[in-house]
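Commentary on secondary and tertiary structure
Read off the chains here:
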Amino acid sequence: MLLPPDVRIRTTADLTRVWRVLRGDLRFGDLALWLLVIDADGSPGPLLSLAGLPDGPYDLAAADVQTLVEDILGAVPGRSAAVLYGRPGTGPWHLGDRAWTRFLGRLPGPLRAWPVHRARDDRLEIVLDTAAVVTNS
């Protein structure tokens, strides 16, 4: 789904609304990370998906993810990235889900500008730190 050209992401609430629009009905076919580039003026840029993820980030180095994000963002001043972890299904969050959100919450640099979001088929949540989910819907 395309966003209107005047959309700006300046707050966590703005970002949550954008994730809701972009994910539509929140149906996921596989575990995936969605990475949204956000320009310095709050304009949403490209949306990238890394699909087919393992159940947890156990063999993944944070430095590798950081390098990937920095390569995607390029040398554009003020650019940041927001991330959404998504998986199919509706049950409770399991160990792999929690491991992914902890891993993503500890990444440094441009991903720290925005809280990590996670979603399943029936819900979208904001994860502000490794243990607390503060917004449910």
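A short tour of the structure in this document, coming up. Here the structure is a predicted model, which is why all the values come from computation and not from measurement.

Here we come to the overall build of the chain. Along its length, the chain carries three helices and six strands. Across the chain, helices and strands are ordered from the amino to the carboxyl terminus as α-β-β-α-β-α-β-β-β. Restricting the contact set of the chain to residue pairs at least 6 apart, pairs at least 24 apart contribute 63%. Surface exposure of the chain reaches about 6900 Å², of which carbon and sulfur atoms provide 57%.

Time to look at helix 1 (residues 12-23). The terminal C-alpha atoms of helix 1 lie 16 Å apart, and with twelve residues this matches the ideal 16 Å at 1.5 Å per residue to within 8%. Within the span of helix 1, buried status applies to D14, L15, T16, V18, W19, L22 and R23. Those residues of helix 1 hidden inside the fold are in contact with strand 1 (32-38), strand 2 (44-51), strand 3 (80-86), strand 4 (116-120) and strand 5 (123-127). Where helix 1 terminates, the next one or two residues include G24, which has phi positive at roughly 60 degrees.

As a further point, take the layout of surface pockets. Of the volumes computed, that of the largest pocket is approximately 240 Å³. Lining the largest pocket are 19 residues; nearest its centre among them are L33, L53, L60, V65 and W100. Elements that contribute at least two residues to the lining of the largest pocket include exactly strand 1, helix 2 (62-73) and helix 3 (95-105). Residue composition of the lining of the largest pocket, grouped by class: 17 nonpolar, one polar and one charged.

Turning to the pattern of salt bridges, a few remarks are in order. Side chains that differ in charge, positive against negative, can pair when their charged atoms come close. Summed over all chains, the structure comprises seven salt bridges. Between R8 and D41 there is a salt bridge, and its shortest N-O distance comes to 4.0 Å. Of the two residues, R8 is situated in the segment before helix 1 and D41 in the loop between strand 1 and strand 2; the sequence distance between them amounts to 33 residues. Under the relative-accessibility criterion, D41 is labelled partly exposed at 40%. Linking R87 and D97 is a salt bridge whose minimum nitrogen-to-oxygen distance equals 2.6 Å. With R87 in the loop between strand 3 and helix 3 and D97 in helix 3, this residue pair connects regions lying ten residues apart in the sequence. Pair check on accessibility: R87 and D97 agree, each one buried. Linked by salt bridges that have partners in common, R118, R123 and E125 make up one network.

Moving on, we get to the nonpolar core. L33, V69, V83, Y85, L104 and L111 are the most contacted members of the largest nonpolar core, which totals 18 residues. Elements with a contribution of two residues or more to this core: strand 1, helix 2, strand 3 and helix 3. Beyond its immediate chain neighbours, meaning those up to four positions away, Y85 contacts L31, A32, L33, W93, G96, D97, W100, L104, H117, R118 and A119. The next biggest cluster of nonpolar side chains, apart from the first, holds 16 residues, and it includes V18, W19, F28 and L84.

Quick notes on the rules
Residues numbered from 1 in each chain as written. Predicted model: local features only at pLDDT ≥ 70, side-chain atom pairs only at ≥ 80, totals over all residues. Heavy atoms only, no water. Helix = DSSP H or I, 4+ residues; strand = E, 2+ residues; numbered from the N terminus. Contact = heavy atoms within 4.5 Å. Areas by Shrake-Rupley, 256 points an atom, 1.4 Å probe, with all protein chains shown as cover. Expected span 1.5 Å × (residues − 1). Buried < 20%, exposed > 50% of the residue type's maximum accessible area, 1.4 Å probe, protein only. 1 Å grid on protein atoms, 1.4 Å probe; cavity = no way out; pocket = protein on both sides within 12 Å on 5 of 7 lines; lining within 4 Å. Points joined across faces, edges and corners; volume = space filled by probe spheres on them. Nonpolar A, V, L, I, M, F, W, Y, C, P; charged D, E, K, R; others polar. Salt bridge = Lys/Arg side-chain N within 4 Å of Asp/Glu carboxyl O. Core = buried A, V, L, I, M, F, W, Y, C linked by side-chain atoms within 4.5 Å.

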